[in-house]
Amino acid sequence: GVKIATIGGGSSYTPELMEGFINRYEELPISEIWLVDIEDGKEKLEKVGKMAQRMWDASPYDVKVHLTLDRREALKDADFVTTQFRVGLLDARVKDERIPLSHGMVGQETNGAGGIFKAFRTIPVILSIVEDMKELCPNAWLINFTNPAGMVTDAIIRYGEWEKVLGLCNVPVGAMMAESELIGKSQDELVYAFAGINHFHWHRVKDLQGNDVTSEIIDKMYSNDSGIPANIHDIPFFIEQLKQMNMIPCGYHRYYYRTEEMLQYMLEEYNDPNVGTRAQQVKQTEAELFELYKNPDLNYKPEQLAKRGGAHYSDAACETIASIYANKNTHIVVSTKNNGAVPDLAPDDVVEVSAYIGATGARPIAFGSFQSAERGWLQLMKNMELCVEEAAVTGDYGLALQAFTINPLIPSGETAKRVLDELLIAHKKYLPQF
Ligand code: NAD
Ligand code: G6P
Ligand code: MN
């Protein structure tokens, strides 16, 4: 049977992953799942790991869930490795959000200065995982969910020289679910074309007759829930702008298209002692979830997990694995090497794009060139990310400053440099390269 190793197994999302595997067992016959964590996550791993085993025990399938702090034991002969770890846990995320905000800048997990520092902490760890994989499971596929998923996936290929990797995000899944409902169609009556980079992609939609229905969705998005994730405050896009581009941006574009309003909202909500930053809110949800996982009678994914922004994550992750294993050639939006699908970026850049997923991995679907506005954004953002990745590998302070300077959510100047220095000190423990 198939061996799965999940790094960051103590995540509260693990039941989501188990549910996805249980639902697909007939096409993906798993025999063992290894949940890996570190000393700091040991208690979480124990609790959610027992919960995971109960979910399998309540299913018709005989699958053993192993819990370990020994990554190498878990990786040995794995067929698929999934990653859902967070270096420094939620305390580190609070700093990523709080420090930029205290200087009047967007404080966010995958965007602005916070996103850059999440990459700095994560990339060295992922590269060491890849080194272990080369030795212990050289034929395995790596399914990366760890944020910033686009930069992490790009670094795995570019610096880890590991090609068998796909990066995943639940945002496209949520959009496809919500939009089909919005116009009263089922998902298989629509054809989606996504392109861009992780948390910075756009998409168009057609019906099966080839008619573009993007503008119909744009019109309806204004009076309805457009499927944006639970973690993003819903400030509407300017309709004139959407009509001009005739594409649907992802939820995270709000930070760029409405920076002023998003910042204002964050300054109010995150500085309210009764609310706190998103990570502080998530800590509460996480505590509630682990309270539930302790219950020895609970053997299914609890409703409360939907409060997390990553809802439907298993639909992306487990479907990708099943599609590789069973050569299904399903349409899934993944972070993968461009290979010309997005001609505005280099062929070896990792992009987030509609692709067919089968035994050989992803075959990205050609999207074509963007108009000037989106091309400008995309080239800026991708090259900003390339600076971040290189700085994460080399620890080059000047390059980190370059990335800060290019990033549209960081006004350049003395304050930017101060935020960089403060974050370097705050995260010192997780940044040996600097
Ligand atoms: P979390 O804080 O619960 O962390 C998950 C686990 O990772 C913890 O138990 C922690 O101890 C462990 N961990 C930390 N460093 C580790 C290491 N070096 N090796 C092994 N395990 C380690 O995080 P979470 O909120 O469950 O999120 C997990 C990750 O998934 C984050 O990076 C988050 O950004 C990402 N995420 C991605 C998406 C997406 O769309 N791609 C959606 C949701 C979450
Ligand atoms: C999702 C994004 C993830 C992100 C998550 C945050 O929608 O796709 O990449 O990690 O939201 O959710 P949280 O509940 O942790 O704020
Ligand atoms: Mn995501």
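Further up the page is the structure itself.
Please read all numbers here as calculations on a predicted model, not as lab measurements. (Residues numbered from 1 in each chain as written. Chains lettered and ligands numbered in written order. Predicted model: local features only at pLDDT ≥ 70, side-chain atom pairs only at ≥ 80, totals over all residues. Heavy atoms only, no water.)

For the rest of this paragraph, the subject is the overall build of the protein chain. Of the regular secondary structure elements, the protein chain holds 16 helices and 12 strands. On C-alpha atoms alone, the protein chain measures out to a radius of gyration of 21 Å, which is about the 22 Å that the 2.2 N^0.38 rule sets for 434 residues. The C-alpha extent of the protein chain, read off along each of the three principal axes, is 55 × 55 × 45 Å. A total of 434 residues make up the protein chain; the buried ones form 58% of that total. Considering only contacts in the protein chain between residues 6 or more positions apart, those separated by 24 or more positions represent 71%. Here the protein chain has roughly 17100 Å² of accessible surface; of this, 49% comes from carbon and sulfur atoms. Here the protein chain contributes 42 positive and 61 negative side-chain charges, whose respective centroids are spaced 3 Å apart. (Helix = DSSP H or I, 4+ residues; strand = E, 2+ residues; numbered from the N terminus. Rg over C-alpha atoms; globule rule 2.2 N^0.38 Å. Buried < 20%, exposed > 50% of the residue type's maximum accessible area, 1.4 Å probe, protein only. Contact = heavy atoms within 4.5 Å. Areas by Shrake-Rupley, 256 points an atom, 1.4 Å probe, with all protein chains shown as cover. Lys, Arg positive; Asp, Glu negative; His and termini not counted. Charge placed at Lys NZ, Arg CZ, Asp CG, Glu CD.)

Attention shifts here to the site of ligand 1. In the neighbourhood of ligand 1, 26 residues make up the surrounding shell, with Ser11, Asp37, Lys44, Glu109 and Arg308 lying closest. For ligand 1, an oxygen atom lies 2.6 Å from a polar atom in the side chain of Asp37. The separation between an oxygen atom of ligand 1 and a polar side-chain atom of Glu286 is 3.5 Å. Considered class by class, the residues forming the shell around ligand 1 number 10 nonpolar, nine polar and seven charged. (Near = heavy atom within 4 Å. Polar contact = N/O pair within 3.5 Å; in protein donor to acceptor, adjacent residues only side chain to side chain. Nonpolar A, V, L, I, M, F, W, Y, C, P; charged D, E, K, R; others polar.)

Glancing now at the packing of aromatic side chains. The tally for this structure, following the rule as stated, stands at 20 aromatic pairs. Judged by centre distance (5.9 Å) and plane angle (90 degrees), the rings of Tyr13 and Tyr313 are edge-to-face. Here Tyr313 lies in helix H13 (residues 313–325) and Tyr13 lies in the loop between strand S1 (2–7) and helix H1 (14–23), a separation of 300 residues in the sequence. Judged by its relative accessible area of 2%, Tyr313 falls in the buried class. Cluster of aromatic residues (ring-pair linked, three or more members): Phe200, Trp202, Phe237, Tyr256, Tyr257, Phe367, Phe370 and Trp377. Of note, Lys3 hangs over the ring of Trp34, and the distance from its end group to the ring centre comes to 4.7 Å. A cation over an aromatic ring shows up here: Arg258 above the ring of Phe238, its NZ or CZ 4.0 Å from the ring centre. (Phe/Tyr/Trp six-rings, centres within 6.5 Å; stacked < 30°, edge-to-face > 60°. Lys NZ or Arg CZ within 6 Å of the ring centre and 35° of its normal.)

To continue, consider the coordination of the manganese ion (ligand 3). Taken together, Cys169 (SG) and His199 (NE2) make up the protein donors of the manganese ion (ligand 3), found 2.2 to 2.4 Å from the metal. With Cys169 in the loop between strand S6 (165–167) and helix H7 (171–182) and His199 in the loop between strand S7 (190–197) and strand S8 (200–207), this pair connects stretches of sequence that are 30 residues apart. Owing to a relative accessible area of 5%, His199 belongs among the buried residues under this scheme. (Donors = N, O, S within 2.8 Å, 3.2 Å for Na, K, Ca; no water.)

What follows concerns the site of ligand 2. In the vicinity of ligand 2 there are 16 residues, among which Arg93, Asn147, Asn170, Arg278 and Gly309 approach most closely. The separation between an oxygen atom of ligand 2 and a polar side-chain atom of Arg278 is 2.6 Å. A distance of 2.7 Å is found between an oxygen atom of ligand 2 and a backbone nitrogen or oxygen belonging to Gly309. Taken by itself ligand 2 offers 390 Å² of open surface, and the protein chains cover 95% of this. Looking at side-chain class alone, the shell around ligand 2 contains six nonpolar, six polar and four charged residues.

Okay, the nonpolar core next. Looking at soluble globular proteins, one finds that nonpolar side chains tend to be buried together. The biggest cluster of nonpolar side chains holds 99 residues, and the ones touching the most others in it are Val81, Ile116, Phe117, Phe120, Met133, Tyr255 and Phe404. Top element by residues in this core is helix H5 (residues 112–136). It accounts for 12 residues. Excluding its chain neighbours within four sequence positions, the residues that come into contact with Phe117 are Asp96, Phe404, Leu420, Leu423, Leu424, His427 and Leu431. Core analysis: the second largest hydrophobic core is formed by 45 residues, Ile4, Met18, Ala355 and Ile357 among them. (Core = buried A, V, L, I, M, F, W, Y, C linked by side-chain atoms within 4.5 Å.)

Function-wise, these values are silent; they only describe arrangement.
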